[in-house]
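Structural overview
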Protein chains: 2
Amino acid sequence: MNRRSLLKLVGRAGGTAAVFATMNAMGLLHHQATGMERPNLPTGSGTGVNVAILGAGLAGMTAAYELTKAGYNCTLLEARDRAGGRCWTIRAGDRIDESDSQQTCGFNQAEHLYLNPGPARIPYHHQGVLSYCKEFGVPMQVIVNENRAAYFQDDKAFGGQRMLNRRVVNDSRGYLSELLAKAINRNALDAEVSADDRERILTFVRSYGNLDADYLYKGSTRAGYATAPGAGTVAGDRYSPIDLSELLKSDFWQYKMHFAEGYHQAATMLEPVGGMDQIAKAFERRVGQFITYNAQVTQIRKTGSGTRIVYTNAAGNEQALDADFVICTLPLSVLANVDADFSPAVQQAIAVGAESYVKAMKIAFQADRRFWEEDDYIYGGISWTERDVTQVWYPSAGFQQPGGVLVAAYIWTNSIGEKLGALSPAQRLEAAIADVETIHPTLRQETYTAKGVSIAWDKVPYSQGGWIEWEGDSRSSVYPALTQADGPIYFAGEHLSYLTGWQEGAVLSAHQAVSGVAAQLQALQA
Amino acid sequence: MNRRSLLKLVGRAGGTAAVFATMNAMGLLHHQATGMERPNLPTGSGTGVNVAILGAGLAGMTAAYELTKAGYNCTLLEARDRAGGRCWTIRAGDRIDESDSQQTCGFNQAEHLYLNPGPARIPYHHQGVLSYCKEFGVPMQVIVNENRAAYFQDDKAFGGQRMLNRRVVNDSRGYLSELLAKAINRNALDAEVSADDRERILTFVRSYGNLDADYLYKGSTRAGYATAPGAGTVAGDRYSPIDLSELLKSDFWQYKMHFAEGYHQAATMLEPVGGMDQIAKAFERRVGQFITYNAQVTQIRKTGSGTRIVYTNAAGNEQALDADFVICTLPLSVLANVDADFSPAVQQAIAVGAESYVKAMKIAFQADRRFWEEDDYIYGGISWTERDVTQVWYPSAGFQQPGGVLVAAYIWTNSIGEKLGALSPAQRLEAAIADVETIHPTLRQETYTAKGVSIAWDKVPYSQGGWIEWEGDSRSSVYPALTQADGPIYFAGEHLSYLTGWQEGAVLSAHQAVSGVAAQLQALQA
């Protein structure tokens, strides 16, 4: 008796649940694909097989793209009237709907005047996303993440005055190096530093901190000039070093000063030319014909022969879609409210995950004058403040052109997201201006609230959160259940990865789900 | 008696030299302009005044642009058949002439396939250049200068194997922080760190180096992953930290690791879209009608009434140009060979300066496959090696597009420039490949020497060097003479600035020269 005949017998006796339990026991539901490589399914291998894909974000469209290439019949059910999900770009006239507010974007029309309300950066090593960008001809440009001309601001230090990034970073390096050199020269580290290494490490420390011949930090041109060097006899005057104890009063010295060394934040960071949604649109051009828009999933059923998806269509009527397999990419915060035949372990993982979404927010203004460039020579990058807005992003698109979109707040602390998210759109803009004025005092004169927009992701229907953060032991306790098939149902999306909050997680998890479907199909056909 | 009448009397009695000596004594030749601001001369203020501008590089064209706006009659004498000087871009079919060789660039034709053989970067604070780019509509993009995905290579460490930038940088930060934390915890720095600051500085150091709870460096995700995190259960494996004593064997720890903190090197660094010569071409569109090309200056004379320039024209005939003022932008290495009526102090400064030019070199290849992106995920930036080629630059233009130009050597050490410059173009390419293979082992297979070019700037006619470096006490001894007018003659160019080697120096020095001419004219007319 072959495997297929056996499973048929099991099915006749015990139904689908028994089939999948048997398959699971036989190891047929476990697949080893990491998702790092594209599935590369054999052409025609999916002919006659129906797959329902829930959600036409990057995960759903990646899955559809790979499966349809192999001949699968895919139907994507998308609750919105557009594809892309959080991979989205807001331009002049676009609508932002939250559960209790609507905004229309008042930016001027221009290629560089856009806001990526969701993901806005792609690290160089996110080769899943980048390989599709290359294949689809989506041109990429650098997004400046770390900019020495940007600022730090903390009400606890420097009287609340903004302080230049390059001064904070390089004076810190200087003091740190000076202290270490002193310790080495006092023989306090003889146990750690061999006599052989001692001279080399002192040379390094001097170079690292730009110390003088006596290993003292007396300031450095790295921190910049109060009066710039120029032509003729203008040699310039560099800044005096910031006082160490004043530096220590601030919280710049926490991760903010080092964030650009992070695995996902270090150069080179990229963005699609013209907005992040260029990626979604490129996918949509390839799989758009398989998408049913305005389709809100209400039920996910396991049937004897596969699955049945019930959804509300654009007309508000209930409709059903039968499929052999399901790839479910709905955020868990959304999925938790869908009536579904999931296993208890999956139900539990969804319930925990649904509560683990980040209340991320962005607030942005279009300015008609790029005052950050003209007045402060800031071309892209991020300023940091201890105030609620947390980060100010300067556009890496449209340098020196008329107008620009300033992200006046990027927030991922739940307590702040909750507080500002509760405000009306107009109140949020006011709150952001008040905070950002500490860095750019002319902000209020340079922008119009008519050209301001905000987004509180937890109030955005069909997203209900920025991204997931699996906290505490949930990675080891509940999360693993979602990485396995729940019968004919596979899960994908950024929440199904160790790259949560990144599009790469969506793409790689889609690869895994696709490989899972193909493996299960092969097992069933064996 | 007014000033003008007095000077006329002096002139009648003692000639031009006496006039200028008198003016100098009266303080009329000293002007305070720093060059940071544009001269903004009154419209029409130069009507009827003739200015000869020697050299149509950025300094000469900036001067011509500002002077002609004010009504001056300018004539630019340019030895080449193109404007821009070292602000130049090499593309398919372009010729590179050196004193003993000719090359024709074999790159394919494409907008992103170019080499900037001279200046290739513009720091964000070089607002002189950038303001013209803005005014002229020259679009700017980011040039990646520091890239954590690039490499260091040193034959003295790691068996000569390339080592990832982010590992070197972040493991160094870790060790440095761990050592400092130990010293603080051993009370070795109690004199420097107050009890109040102690906890904050320890918190800082832990954050700086990504230390564990015991202040030990056990590696960090900042250094990257040997196996990247991905979808499902793929949590990834980060690199083990590099051994401290092995790190110390290398010379990475000299300035190479810190260069991107430099005043002129820190983010954001910019480049014109499509090549640096877009700036020269933008200037040329505005002042090209005043340029006499193929005009090689042979004499600079002071006459009773102003100046006379003698030059060899395109037909090889000697020609003369009379002018009220001269702005001389020729590199001192070139100017030293021109027969000129300069003061002894100026002659001496030129002689010293002529010997102070950097033997800068670049060697570049077009590859048909961007293997550095496809195989190593390097998007722009620089790898460093202790070998002769010094730096490998990856293009920041044309990400993910077909083909790219790799700068396989950027050299500014005179001894290396001399050694490699002495080789034939073909031999230089071979030498570069041998060095760069230590970082990119497939280089030889990926490139063709037919698509390789090199430039040794000291062998380039009309440049004779990369840029000036005023060394030792020459800044205080001979240099100041050039910052003053030598009678009706002013000097400009990167060599007339504290920004030598940067286009900004050329532009700002041109502003100073223009202000000098205008001030002298005003004084004469007073």
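Above this text sits the structure in question.
Residues numbered from 1 in each chain as written. Chains lettered and ligands numbered in written order. Predicted model: local features only at pLDDT ≥ 70, side-chain atom pairs only at ≥ 80, totals over all residues. Heavy atoms only, no water.

1. Quick notes on the overall build of chain A
When helices and strands are counted, chain A shows 16 helices and 23 strands. In terms of principal-axis extent, the alpha carbons of chain A reach across some 90 × 60 × 40 Å. A total of 526 residues make up chain A; the buried ones form 62% of that total. Looking at chain A alone, contacts between residues at least 24 apart form 69% of all its contacts between residues at least 6 apart. (Helix = DSSP H or I, 4+ residues; strand = E, 2+ residues; numbered from the N terminus. Buried < 20%, exposed > 50% of the residue type's maximum accessible area, 1.4 Å probe, protein only. Contact = heavy atoms within 4.5 Å.)

2. Digging into the nonpolar core
Of all hydrophobic cores here, the largest spans 158 residues; its most connected members are Tyr72 and Ile327 of chain A together with Tyr72 and Ile327 of chain B. Those residues in contact with Ile327 of chain A that sit more than four places away from it in its chain are Val51, Ala52, Ile53, Leu54, Ala63, Leu67, Tyr490, Ala492, Ala513, Val514 and Val517 of chain A. Listed in part, the 124 residues of the second largest apolar core include Leu180, Tyr208, Phe252 and Val453 of chain B. (Core = buried A, V, L, I, M, F, W, Y, C linked by side-chain atoms within 4.5 Å.)

3. Section: the interface of chain B and chain A
Residue-level contacts link 81 residues of chain B with 82 residues of chain A. A buried area of about 7,700 Å², summed over both sides, lies between chain B and chain A, and 61% of it is on carbon and sulfur atoms. Contact with chain A buries surface across chain B, with Glu261, Tyr263 and Gln400 of chain B losing the most and accounting together for 10% of the total. Counting every contact that joins chain B to chain A gives 11 salt bridges. Between Arg200 of chain A and Asp251 of chain B there is a salt bridge; the shortest N-O distance is 2.9 Å. Summed over the shared surface of chain B and chain A, the number is 48 residue pairs in polar contact (both at pLDDT 80 or more). Going through the elements one at a time, helix H3 (127-136), strand S6 (140-142), helix H4 (165-185), helix H5 (195-209), helix H6 (244-249) and helix H16 (503-525) of chain B are the ones with two or more residues in the side of chain B that touches chain A. Among the elements that take part in the side of chain B that touches chain A, H4 of chain B stands out by supplying 10 residues, more than any other. Class assignment for the residues of the side of chain B that touches chain A results in 41 nonpolar, 25 polar and 15 charged. (Buried area = accessible area lost by both parts, 1.4 Å probe. Salt bridge = Lys/Arg side-chain N within 4 Å of Asp/Glu carboxyl O. Polar contact = N/O pair within 3.5 Å; in protein donor to acceptor, adjacent residues only side chain to side chain. Nonpolar A, V, L, I, M, F, W, Y, C, P; charged D, E, K, R; others polar.)

4. Focus on the pairing of strand S18 (residues 361-367) of chain A
Most of S18 of chain A is tucked away, with 7 of its 7 residues classed as buried. Here S18 of chain A shows a buried face lined by Met361, Ile363, Phe365 and Ala367 of chain A and a second buried face lined by Lys362, Ala364 and Gln366 of chain A.

5. Re the environment of Ser383 of chain B
Residues and elements named next belong to chain B. Relative to the helices and strands, Ser383 is located in strand S19 (residues 381-385). Using a relative accessible area of 0% as the deciding quantity, one classes Ser383 as buried. For the pair Ser383 and Tyr151, spaced 232 residues apart in sequence, the C-alpha to C-alpha distance is 4.7 Å. Apart from the residues within four sequence positions on either side, Ser383 is in contact with Ala150, Tyr151, Thr390, Gln391, Val392, Tyr394 and Ile439. Within polar-contact distance, the side chain of Ser383 engages the side chain of Tyr394 at 2.7 Å.

6. Remarks on the side chain of Glu261 of chain B
The topology assignment puts Glu261 of chain B in the loop between H6 and strand S11 (269-272). Residue class for Glu261 of chain B comes out buried when judged on its relative accessible area of 9%. Apart from the residues lying within four places of it in its own chain, the contact partners of Glu261 of chain B are Arg148, Arg166, Val169, Asn170, Arg173 and Arg222 of chain A together with Ala266 of chain B.

7. Some thoughts on the sheet that holds strand S13 (residues 296-303) of chain A
All names here are of chain A. Ordered in space as S15-S14-S13-S17, the 4 strands form an open sheet in which the pairing is mixed. Bordering the open sheet on either side are strand S15 (318-323) and strand S17 (339-340), each of which pairs with just one other strand. Here strand S14 (residues 306-312) pairs with S15 via 6 bridges, running antiparallel. Within S15, the position partnered with Val310 by the bridge is Ala320. (Pairing = 2+ DSSP bridges.)

8. Observations concerning the sheet that holds strand S14 (residues 306-312) of chain B
All names here are of chain B. In spatial order, the strands read S15-S14-S13-S17; together these 4 strands make up an open sheet with mixed pairing. Looking at the sheet topology across the chains shown, the edges are occupied by strand S15 (318-323) and strand S17 (339-340). Inspection of the sheet shows strand S13 (residues 296-303) paired to S14 by 7 bridges, in the antiparallel sense. Considered in S14, the bridge of Gln299 is made with Val310.

9. Some details on the relation of the copies chain B and chain A
When chain B is fitted to chain A, the residual RMSD is 0.0 Å, and the transformation amounts to a turn of 180° plus an axial shift of 0.0 Å. The relationship between the two copies is best expressed as a two-fold rotation axis. When each C-alpha of chain B is compared by its distance to the rotation axis, Leu180 of chain B comes out closest, at 2.7 Å. When the interface residues of chain B are mapped onto chain A, 100% of them again lie at the interface, so the same face is used by both copies. (Least-squares fit on C-alpha atoms with pLDDT ≥ 70 in both.)

10. Quick look at the packing of helix H5 (residues 195-209) of chain A against H4 of chain B
A packed helix pair is summarised by two numbers, namely the angle formed by the two axes and the spacing between the axes. Taken N-terminus to C-terminus, the directions of H5 of chain A and H4 of chain B make an angle of 105°; their axes are 12 Å apart at the nearest point. The angle between the axes of H5 of chain A and H4 of chain B places the two elements in the roughly perpendicular class. Taken together, the residues of H4 of chain B that come into contact with H5 of chain A (itself represented by Ile201, Phe204 and Tyr208 of chain A) are Ser172, Arg173, Leu176 and Leu179 of chain B. Grouping the constituent residues of the contact of H5 of chain A with H4 of chain B by class yields 5 nonpolar, 1 polar and 1 charged. (Axes fitted to C-alpha atoms, helices over the stretch in contact; angles between N-to-C directions. Parallel < 35°, antiparallel > 145°, perpendicular 65-115°, else oblique.)

11. Overview of the packing of aromatic side chains
Following the criterion strictly, the structure yields 46 aromatic pairs over all chains and no others. Consider the rings of Tyr175 of chain B and Tyr217 of chain B, whose centres lie 5.5 Å apart with planes at 75°: the pair is edge-to-face. A residue pair is termed long-range when its members are at least 10 positions apart, and Tyr175 of chain B in helix H4 and Tyr217 of chain B in the loop between H5 and strand S9 (225-227) qualify at 42 residues. Accessibility assignment for this pair places Tyr175 of chain B and Tyr217 of chain B in one class, buried. Members of the aromatic cluster, joined through ring pairs, are Tyr255, Phe259, Trp384, Trp393, Tyr410 and Trp412 of chain A. The cationic tip of Lys362 of chain A hangs over the ring face of Tyr410 of chain A; the distance from NZ or CZ to the ring centre is 5.2 Å. We note Arg475 of chain A situated over the ring of Tyr479 of chain A; from NZ or CZ to the ring centre the distance is 4.4 Å. (Phe/Tyr/Trp six-rings, centres within 6.5 Å; stacked < 30°, edge-to-face > 60°. Lys NZ or Arg CZ within 6 Å of the ring centre and 35° of its normal.)

12. Here we look at the environment of Tyr239 of chain A
Residues and elements named next belong to chain A. Position of Tyr239 among the secondary structure elements: in the loop between strand S10 (237-238) and helix H6 (244-249). A relative accessible area of 23% places Tyr239 in the partly exposed class. If near-sequence neighbours (up to four positions away) are discounted, Tyr239 is found in contact with Leu164, Arg167, Ala223, Gly224, Tyr225 and Ala226.

13. Digging into the side chain of Arg121 of chain B
Residue and element names in this part refer to chain B. Following the sequence through the fold, Arg121 ends up in the loop between strand S4 (101-104) and strand S5 (122-123). There is no salt bridge for the buried Arg121, and the closest opposite charge comes from Glu146, which lies 8.8 Å off by N-O distance. Side-chain polar atoms of Arg121 contact the side chain of Asn145, separated by 2.8 Å. In this structure the side chain of Arg121 is engaged in a polar contact, spanning 3.3 Å, whose partner is the side chain of Gln265. When residues no more than four places from it in sequence are discounted, the contact partners of Arg121 are Ile143, Asn145, Phe259, Gln265, Met269, Leu270, Met276, Ile382, Trp393, Tyr410 and Trp502. (Lys, Arg positive; Asp, Glu negative; His and termini not counted.)

14. Details of the pattern of salt bridges
Pairing is possible between side chains of opposite charge, provided their charged atoms come close. Scanning the model with the defined rule gives 76 salt bridges over all chains in all. Taking the shortest distance from any N to any O, the salt bridge between Asp376 of chain A and Arg162 of chain A comes out at 3.0 Å. Of this pair, Asp376 of chain A sits in the loop between helix H10 (371-374) and strand S19 (381-385) while Arg162 of chain A sits in the loop between strand S7 (151-153) and strand S8 (163-164); the two residues are 214 residues apart in sequence, bridging distant segments of the chain. Residue Asp376 of chain A is classed as buried on the basis of its relative accessible area of 15%. Its relative accessible area of 25% is what places Arg162 of chain A among the partly exposed residues. The residue Lys256 of chain A makes a salt bridge to Glu386 of chain A at a minimum N-O spacing of 3.3 Å. One end of the pair, Lys256 of chain A, is in the loop between H6 and strand S11 (269-272); the other, Glu386 of chain A, is in the loop between S19 and strand S20 (391-394), with 130 residues separating them in the sequence. Through salt bridges with shared partners, a single ionic network connects Lys134 of chain A together with Arg369, Glu374, Asp375 and Glu446 of chain B.

All quantities given are derived from atomic positions and should not be read as evidence of function.
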